[in-house]
Amino acid sequence: QLPLALLLSLLMGYIVWLATASRMSLSWQISYGINAREFMVYCQPLINSRSGDCDGIELLLRWHTPRQGWIPPDVFIPLAERQDLIAPLTRFVLSEVARHLPLLPTCPTFHIAINVAASHFHQHQIIDDLRRLWWPENPVPQLIVELTERDALPEVDQRVVACLHTLGVKLAIDDFGTGHSSLSYLKTLSPDVLKIDKVFTAAIGTDAINATVTDMVISLAQRLNISLVAEGVETEEQATYLREKGVDVLQGYFYARPMPLGDFPDWLSSHKT
Ligand code: C2E
Ligand code: CA
Ligand code: CA
Ligand code: CA
């Protein structure tokens, strides 16, 4: 009896230790990867639904390790958020975009969107980082902070939101309608932009319930005078539907896949012609 119980608890302990160790090792690999320059910044064009012009880009992180190849953001971002490694990654994105800035359009209508985890809002960290790495040297193009909703947003400090607005940085709520998103953020965060998650775009013409949610989010944003970006646009049918509903900006494989930031100027000149 007793040895079996002891054996079982030892086994459980070992399993827990293994799980912790593998998580730890991935987070160690993230820190190592930042220094070893294993991360890259990709970007995906944001298309004006009326003119068809490219009105901006969203920056997306990519991680390639010599040991395991490509590791998807959906794997390393949540981990980085939990292990306090998300701020260094965001700083890397900011410094990379600052480095590429001479190659990017400088018109005031051009937007650069970066993903920022809610935890980075703590103690004005994001404001300090933006001041240091972005502002005020580079007031154009227009910067958009996309607040991801994996974390519970109520922690977000109102003063940080106010500060962003004073700095002229726009605030977007990412993946609106999924996860921790709630209607109350519309009031507490007064966002400039709502991003319709790709599950709702994918629902157009296929899934009645989600398509109804899409329509409701669109009319809600329009009544509150908030700009709309639809992500995950993969077909002409989706693009047409969203354009006719008045969604301002479209993003997805139908227009362009994410590409290295350095490739964007060439893509832009071929898109224009
Ligand atoms: P997200 O912010 O919702 O980004 C959009 C995701 O949809 C990207 O996935 C993009 O590659 C993908 N996507 C774009 N168009 C299409 C399409 O037409 N169809 C489909 N099926 N997918 C499309 P990705 O790059 O794998 O990033 C996943 C998530 O990881 C992002 O979702 C974002 O939440 C997070 N992430 C990526 N880069 C960063 C970053 O620098 N910082 C933070 N905090 N999070 C990031
Ligand atoms: Ca985003
Ligand atoms: Ca999104
Ligand atoms: Ca999404």
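Above this text sits the structure in question.
Residues numbered from 1 in each chain as written. Chains lettered and ligands numbered in written order. Predicted model: local features only at pLDDT ≥ 70, side-chain atom pairs only at ≥ 80, totals over all residues. Heavy atoms only, no water.

1. Examining the site of ligand 1
At step 1: By nearness alone, 23 residues border ligand 1, and Gln44, Arg62, Lys198, Glu234 and Tyr253 come closest of all.
At step 2: Interatomic distance of 3.0 Å between a side-chain N/O atom of Gln44 and a nitrogen atom of ligand 1.
At step 3: In this structure, an oxygen atom belonging to ligand 1 sits 3.3 Å away from a side-chain N or O atom of Glu231.
At step 4: For ligand 1, the accessible surface in isolation is 800 Å², of which the surrounding protein chains cover 90%.
At step 5: For the shell around ligand 1, the element with the highest residue contribution is strand β2 (residues 54-65), accounting for 4 residues.
At step 6: Looking at the shell around ligand 1 residue by residue, the class counts come to 9 nonpolar, 5 polar and 9 charged. (Near = heavy atom within 4 Å. Polar contact = N/O pair within 3.5 Å; in protein donor to acceptor, adjacent residues only side chain to side chain. Areas by Shrake-Rupley, 256 points an atom, 1.4 Å probe, with all protein chains shown as cover. Helix = DSSP H or I, 4+ residues; strand = E, 2+ residues; numbered from the N terminus. Nonpolar A, V, L, I, M, F, W, Y, C, P; charged D, E, K, R; others polar.)

2. A word on the pattern of salt bridges
At step 1: Counting across every chain of the model gives 8 salt bridges.
At step 2: Between Arg91 and Asp129 there is a salt bridge whose closest N-O contact spans 2.9 Å. Of the two residues, Arg91 sits in helix α3 (residues 86-100) while Asp129 sits in helix α4 (residues 125-133), which places them 38 residues apart along the sequence.
At step 3: For Arg91, a relative accessible area of 27% gives the class partly exposed.
At step 4: On the accessibility criterion, Asp129 (5% relative accessible area) is buried.
At step 5: The salt bridge involving Arg132 is made with Asp129; its shortest N-O contact spans 3.0 Å. In this pair, Arg132 and Asp129 both sit in helix α4, 3 residues apart, roughly one turn of the helix.
At step 6: Taking relative accessible area as the criterion, Arg132 reaches 54% and is therefore assigned exposed. (Salt bridge = Lys/Arg side-chain N within 4 Å of Asp/Glu carboxyl O. Buried < 20%, exposed > 50% of the residue type's maximum accessible area, 1.4 Å probe, protein only.)

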